[in-house]
Amino acid sequence: MDRHLLFLVASSREAGHIGNTEALARHAAEALPAGTRQTWLRLADLALPPFVDQRHTVGQYPPPEGGLKTLADSLLDCTDLVAVSPVYWFSIPAPLKLALDHWSGLLRVPGLDFKARMAGKRFWVVSTSGHRAKAQPQFDSLALCAEFMGMRWMPPLWGPGGAPGMVQGDAALWASARDWLTAVA
């Protein structure tokens, strides 16, 4: 099967401004073989509705619509999910957390078979923060999501964050990022 990478950009940065995490992800993606299919979704642009947990009341969810349908279709269509997720307050940015909360609903859409169809896909995360240790809680949380869904957790890519352009100042990281998405077994 040909690879199709879905990049979920979780930044809350103003539209049109690329931060360190997205810059690092885009740099890594440039090294993918020509013709490798890539879809980039900025989660903040999907206008996902608030998640309402109805597991213990209604018990199921209707088929997704609008931005949630775009997200669900993209997730089911990819072979590789790449969370482009800067560290915000030692955790996952709100747009990604909301998308993950909606996975609970997608698991309960009759006939969607969300969990079975996500199983086996590769789950990557690229992040930036002031210090690598600050990204670890995010990595741990996303690794648990991958495990629950039966996805293959891939080694995360981390770089220094802060002011825009900071990540490019780490020459060794910038060079090694070129091999990150191509090193799959």
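About the criteria used
- Residues numbered from 1 in each chain as written.
- Predicted model: local features only at pLDDT ≥ 70, side-chain atom pairs only at ≥ 80, totals over all residues.
- Heavy atoms only, no water.
- Core = buried A, V, L, I, M, F, W, Y, C linked by side-chain atoms within 4.5 Å.
- Buried < 20%, exposed > 50% of the residue type's maximum accessible area, 1.4 Å probe, protein only.
- Contact = heavy atoms within 4.5 Å.
- Phe/Tyr/Trp six-rings, centres within 6.5 Å; stacked < 30°, edge-to-face > 60°.
- Helix = DSSP H or I, 4+ residues; strand = E, 2+ residues; numbered from the N terminus.
- Expected span 1.5 Å × (residues − 1).
- Salt bridge = Lys/Arg side-chain N within 4 Å of Asp/Glu carboxyl O.
- Axes fitted to C-alpha atoms, helices over the stretch in contact; angles between N-to-C directions.
- Parallel < 35°, antiparallel > 145°, perpendicular 65-115°, else oblique.
- Left-handed = near helix turned anticlockwise from the far one by under 90°.
- Nonpolar A, V, L, I, M, F, W, Y, C, P; charged D, E, K, R; others polar.

**Here we look at the nonpolar core**
Then, number 1: With 35 residues, the main nonpolar core has Leu71, Leu75, Leu81, Trp103 and Phe114 as its most contacted residues.
Then, number 2: Apart from the residues within four sequence positions on either side, Leu71 is in contact with Leu8, Leu41, Leu43, Leu46, Leu48 and Ala99.
Then, number 3: Counting residues in hydrophobic clusters, the runner-up holds 19 residues, among them Val9, Ala29, Leu173 and Leu181.

**Digging into the packing of aromatic side chains**
Then, number 1: Counting across every chain of the model gives seven aromatic pairs.
Then, number 2: Here Phe51 and Tyr61 contribute two aromatic rings whose centre-to-centre distance is 5.9 Å and whose plane-to-plane angle is 15 degrees, an arrangement assigned as stacked. Pair noted here: Phe51 is in the loop between strand E2 (37–42) and helix H2 (66–77) and Tyr61 is in the loop between E2 and H2, with a separation of ten residues, a long-range link.
Then, number 3: Exposure remark for Phe51: the relative accessible area of 21% places this residue in the partly exposed category.
Then, number 4: On the basis of relative accessible area, Tyr61 is assigned to the buried category, the value being 11%.

**Some points on helix H3 (residues 94–106)**
Then, number 1: Here H3 is 13 residues long and its end C-alpha atoms lie 18 Å apart, about the 18 Å a rise of 1.5 Å per residue gives.
Then, number 2: For H3, the complete set of buried residues consists of Pro95, Leu96, Ala99, Leu100, His102, Trp103, Gly105 and Leu106.
Then, number 3: Buried-residue contacts for H3 involve H2, strand E3 (80–84), helix H4 (114–118), strand E4 (122–129) and helix H5 (132–149).

**With respect to the pattern of salt bridges**
Then, number 1: For the structure on display, the rule yields nine salt bridges.
Then, number 2: With a closest N to O distance of 2.8 Å, Asp73 and Lys69 form a salt bridge. Placement of both Asp73 and Lys69 in helix H2 is noted, with a separation of four residues, approximately one turn of the helix.
Then, number 3: When its relative accessible area of 38% is taken as the criterion, Asp73 is described as partly exposed.
Then, number 4: Taking the shortest distance from any N to any O, the salt bridge between Asp101 and Lys97 comes out at 2.5 Å. Of the two residues, Asp101 and Lys97 both sit in helix H3, four residues apart, roughly one turn of that helix.
Then, number 5: Among the charged side chains, a salt-bridge network with shared partners connects Arg3, Asp80 and Arg122.

**Looking at the packing of helix H1 (residues 20–29) against helix H6 (residues 171–180)**
Then, number 1: Close contact between H1 and H6 brings their axes to 7 Å; oriented N to C, the two are set at 55 degrees. The angle between H1 and H6 falls in the class oblique. Regarding H1 and H6, the two cross each other, and that crossing is right-handed. In this structure, H1 contributes Ala23, Leu24, His27 and Ala28 to the contact, and H6 contributes Leu173, Trp174, Ala177, Arg178 and Trp180.
Then, number 2: Here the residues of the contact of H1 with H6 are counted per class, giving seven nonpolar, one polar and one charged.

**Concerning the environment of Lys134**
Then, number 1: By secondary structure assignment, the location of Lys134 is in helix H5.
Then, number 2: Look at Lys134 and you get partly exposed, because its relative accessible area is 35%.
Then, number 3: Residues Lys134 and Trp40, spaced 94 residues apart in sequence, show a C-alpha to C-alpha distance of 25 Å.
Then, number 4: Those residues within four positions of Lys134 in sequence are excluded, and the remaining contacts are Val87, Phe90 and Ser129.

**A word on unusual backbone geometry**
Then, number 1: Of note, the phi angle at Ala47 is positive, near 50 degrees, even though the residue is not glycine.
Then, number 2: With phi around 50 degrees, Trp89 is a residue other than glycine that occupies positive phi space.
Then, number 3: For Trp89, the location among the structural elements is in the loop between E3 and H3.
Then, number 4: When its relative accessible area of 78% is taken as the criterion, Trp89 is described as exposed.

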